[in-house]
Amino acid sequence: GESVGLHLPTLSVQEGDNSIINCAYSNSASDYFIWYKQESGKGPQFIIDIRSNMDKRQGQRVTVLLNKTVKHLSLQIAATQPGDSAVYFCAESGWGSSNTGKLIFGQGTTLQVKP
Amino acid sequence: NAGVMQNPRHLVRRRGQEARLRCSPMKGHSHVYWYRQLPEEGLKFMVYLQKENIIDESGMPKERFSAEFPKEGPSILRIQQVVRGDSAAYFCASSAETGPLEQYFGPGTRLTVT
């Protein structure tokens, strides 16, 4: 069935280091992927998205890489800051016979930034 | 420039009572999605609505759960005869158009069933 999963439940990094959060997806029909950040007690906050016709997209301090061959998605955060500490979710969506834009979320990776 | 609004933020209900969760989408958005998040888990899709229409309810439990998005007013997620397993955070998201697009999430309603 459809699923989006993350390889590691917790990632701990030093402040100033780069962080890489990984995600595997199983639905090859998905063509839209999003990374969300969720802080404790809050709703998911959009970070960056990418469509399947791209393999890389950059934002402010963040980069998303998409490898459709192995169905892998990653989020890179440059110069990680304490404010980046949160749970990060990848989500997928796609056009298809049942397209409604619903997002399928992974389990989440907790990013802990050590000062 | 208000974002997605949800109320109440916290809701406590006894088993058997009804829970009504409200969601007002962002201004200009007419597409609403509801998701449920159990503790330590990711969000799970429940239902997708446009004004006065349920488009996709494939994630809704077959019984006790219903949703609406009237022509006027917020979207409502209703849970009848709540049970302990309904305790979760319920998030709604809105988007400007249909299809795989960025969805903006509200702060969520945390439902506790005692």
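Numbers given for residues are sequential positions, taken from 1 along each chain in its written order. Chains and ligands are labelled sequentially in the order written, the chains with letters from A and the ligands with numbers from 1. Given that this is a predicted model, residues contribute local features only at a pLDDT of at least 70 and side-chain atom pairs are listed and counted only at 80 or more, while totals for whole chains, interfaces and linings are drawn from all residues. Only hydrogens and water are set aside when side-chain values are computed; all heavy atoms of the structure are taken into account.

So what about the overall build of chain A? Which residues, and what values?
The helix and strand tally for chain A stands at 0 helices and 11 strands. In chain A, the succession of helices and strands from N to C terminus is β-β-β-β-β-β-β-β-β-β-β. Counting over 115 residues, chain A shows a buried share of 45%. For chain A, the accessible surface area stands at approximately 5,600 Å², while carbon and sulfur atoms represent 47% of it. Runs of H or I in DSSP of at least four residues are treated as helices and runs of E of at least two as strands, each being numbered from the N terminus. Summary of the burial criterion: residues with accessible area below 20% of their type's maximum are buried, those above 50% are exposed, and those between are partly exposed, where the area comes from a 1.4 Å probe applied to protein chains only. Under the convention used here, a 1.4 Å probe and the Shrake-Rupley method define accessible areas, while residue burial counts only the protein chains that appear.

An account of the layout of surface pockets is requested, with residue identities and associated values reported.
A pocket here means an open set of points on a 1 Å grid, computed over the protein atoms alone, that has protein on both sides within 12 Å along at least five of seven lines. A cavity is instead a set of points where a 1.4 Å probe fits but cannot get out; residues with an atom within 4 Å of a point line either one. Grid points are joined across faces, edges and corners, and a volume is the space filled by probe spheres set on the points. Here the largest pocket is characterised by a volume of approximately 510 Å³. Residue lining of the largest pocket: 25 residues in total, with B:Gln37, B:Leu38, B:Pro39, B:Glu40 and B:Glu41 positioned closest to the centre. Contributing elements (two or more residues each) for the lining of the largest pocket: strand 9 (86-93) and strand 11 (109-114) of chain A together with strand 9 (88-95) and strand 11 (109-113) of chain B. Its residues placed into classes, the lining of the largest pocket shows 10 nonpolar, 10 polar and 5 charged. Only Asp, Glu, Lys and Arg are considered charged, only Ala, Val, Leu, Ile, Met, Phe, Trp, Tyr, Cys and Pro nonpolar, and every remaining residue, Gly among them, polar.

Give me the lowdown on the pairing of strand 7 (residues 62-67) of chain A, citing residues and values where you can.
Residue and element names in this part refer to chain A. As judged from the 3 bridges shared by strand 6 (residues 56-58) and strand 7, these two strands associate in the antiparallel manner. Residue pairing for strand 7: arginine 57 is matched across the bridge by valine 64. Here strand 6 hands over to strand 7 after 3 residues, with arginine 61 in that stretch at a positive phi of 65 degrees. In this sheet, strand 8 (residues 72-77) lies alongside strand 7 in antiparallel orientation, the contact comprising 6 bridges. Along strand 8, the bridge assignment pairs asparagine 67 with histidine 72. The pairing criterion for strands is at least two bridges between them, as found by DSSP.

Explain the sheet that holds strand 8 (residues 75-79) of chain B to me, using residue names and the numbers behind them.
Residues and elements named next belong to chain B. Within the open sheet, the 4 strands sit side by side as 1-3-8-7. Their pairing is antiparallel. In this open sheet, the two strands that pair with only one neighbour each are strand 1 (5-7) and strand 7 (65-68). Strand-to-strand, the axes of this sheet are offset by a mean angle of 15 degrees, without reference to chain direction. To get an axis, a line is fitted to the C-alpha atoms, and for a helix only the part in contact is used. The angle between two axes follows their N-to-C directions and goes from 0 to 180 degrees.

Summarise the state of the cysteines; cite the residues concerned and give the values.
Disulfides are defined as cysteine sulfur pairs within 2.5 Å. Per the stated rule, a full pass over the model turns up 2 disulfides over all chains. Disulfide pairing places A:Cys23 opposite A:Cys90 at an S-S distance of 1.8 Å. Taking the sign of the S-S torsion, 55 degrees for the link of A:Cys23 and A:Cys90, the bridge is right-handed. Separated by 67 residues along the polypeptide, A:Cys23 in strand 3 (residues 19-25) and A:Cys90 in strand 9 bring together distant segments of the chain. With a relative accessible area of 1%, A:Cys23 lands in the buried category. A disulfide bridge connects B:Cys23 with B:Cys92, and the sulfur atoms are separated by 1.8 Å. Judged by the sign of its S-S torsion, about 70 degrees, the cystine formed by B:Cys23 and B:Cys92 is right-handed. Here B:Cys23 is found in strand 3 (residues 19-24), whereas its partner B:Cys92 is found in strand 9, with 69 residues between them in sequence. Like B:Cys23, the residue B:Cys92 is buried in the burial classification.

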